[in-house]
Amino acid sequence: MDILIPGLAPTVVGVVSFAVVFVCMTKVLLPRINKVLGERRDAIEGQMECAEQLAAEAGEVVAKYREELAEARHEAARLRQEALEQGTQLIAELRAEGLREREAMIVEAQARLGADRVIAETELRGDVVSLATELAGRVVGETLEGVANSEIVDRFFSDLDARSAAGLQ
């Protein structure tokens, strides 16, 4: 007998043992393995569906965000334009008010200058009359107080006014 070739009894025992192990594996172990693999497959498919759903929601959120960002940019541009228009209008109003105030100040200053000129002219005429009277009195040697209100003084100033008016024209 050859050592490498088994006899009939060991071969039958081997085949029966193999069949028992094979049946045990197919009846007990294989359903459990298939059950675990099925659960894993379902879990992976569920996670993929969840990931796809999350990706779709993220896409919607990004689209909504972009839309809101575009609206915000449009609103900001509108507000900048409004502010620019209001600023331009305010500058125009302030400029107009400044021009009105300037014109009022010029009119007031001209009136004040005219009044000051009349006052200064009156005071100077009085001073000129009194100085001229005093000088004439020194030259003549007598006091000429009564002459200050005379027609000579009035005529002198009217001639002076006529000359200055002719010189200004």
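Preceding block: the structure.
Now for a look at the structure at hand.

Calculation criteria
Residues numbered from 1 in each chain as written. Predicted model: local features only at pLDDT ≥ 70, side-chain atom pairs only at ≥ 80, totals over all residues. Heavy atoms only, no water. Helix = DSSP H or I, 4+ residues; strand = E, 2+ residues; numbered from the N terminus. Rg over C-alpha atoms; globule rule 2.2 N^0.38 Å. Buried < 20%, exposed > 50% of the residue type's maximum accessible area, 1.4 Å probe, protein only. Areas by Shrake-Rupley, 256 points an atom, 1.4 Å probe, with all protein chains shown as cover. Lys, Arg positive; Asp, Glu negative; His and termini not counted. Charge placed at Lys NZ, Arg CZ, Asp CG, Glu CD. Salt bridge = Lys/Arg side-chain N within 4 Å of Asp/Glu carboxyl O. Phe/Tyr/Trp six-rings, centres within 6.5 Å; stacked < 30°, edge-to-face > 60°. Expected span 1.5 Å × (residues − 1). Bend = angle between axes of the 7 residues up to and from the residue. Patch = residues over 30% accessible without salt bridge, like charges linked within 9 Å, V, L, I, M, F, W, Y side chains within 5 Å.

Broken down by element type, the protein chain carries two helices and zero strands. In terms of overall size, the protein chain is more extended than a compact globule, its C-alpha atoms giving a radius of gyration of 61 Å where 169 residues would be expected to give roughly 15 Å. Counting only residues that meet the buried cut, the protein chain has 4% of its 169 residues in that class. Carbon together with sulfur atoms contributes 64% to the accessible area of the protein chain, which is approximately 15,000 Å² in total. If you average the places of the 19 positive and of the 30 negative side-chain charges in the protein chain, the two averages end up 11 Å apart.

Evaluation of the coordinates by the stated rule reveals four salt bridges. Here Arg-78 ties to Glu-82 by a salt bridge, and the two come within 2.4 Å at their closest N and O atoms. Note that Arg-78 and Glu-82 are positioned in helix α1 (residues 8-140) at a spacing of four residues, about one turn of the helix. You can call Arg-78 partly exposed: its relative accessible area is 35%. Note that Glu-103 is salt-bridged to Arg-102, the shortest N-O span being 3.1 Å.

On to the packing of aromatic side chains. Under the definition given, this model contains one aromatic pair. Judged by centre distance (6.1 Å) and plane angle (20 degrees), the ring pair of Phe-18 and Phe-22 falls under stacked. Highlighted residues: Phe-18 and Phe-22, both in helix α1, separated by four residues, approximately one helical turn. Residue classification places Phe-18 among the exposed residues on the basis of a relative accessible area of 57%. For Phe-22, a relative accessible area of 49% translates into the label partly exposed.

The end-to-end C-alpha distance of α1 is 184 Å, a good match for the 198 Å that 133 residues give at a rise of 1.5 Å each. At Leu-29, α1 is bent by approximately 40 degrees, the largest bend along its length, and proline Pro-31 sits one to four residues beyond. Taken as a whole, α1 has its buried residues at Gly-38, Val-129, Thr-133 and Gly-137.

The next subject is a nonpolar patch on the surface. A contiguous nonpolar surface patch, about 570 Å² in accessible area, is contributed by Val-21, Met-25, Val-28, Leu-29, Leu-30, Ile-33 and Leu-37. Summarising the element assignment, Val-21 is placed in helix α1. Taking relative accessible area as the criterion, Val-21 reaches 46% and is therefore assigned partly exposed.

Glancing now at the environment of Val-12. Following the sequence through the fold, Val-12 ends up in helix α1. When its relative accessible area of 42% is taken as the criterion, Val-12 is described as partly exposed. Distance from Val-12 to Val-107, taken between C-alpha atoms, is 136 Å for residues 95 residues apart in sequence.

This part is about a negative patch on the surface. There is a patch of like negative charges on the surface, built from Glu-39, Asp-42, Glu-45, Glu-49 and Glu-52. Positionally, Glu-45 belongs in helix α1. For Glu-45, a relative accessible area of 40% gives the class partly exposed.

With that settled, the discussion passes to the environment of Gly-167. Topologically, Gly-167 is positioned in helix α2 (residues 151-168). The class of Gly-167 is exposed, set by a relative accessible area of 63%.

Worth remembering: the numbers are spatial, not functional.
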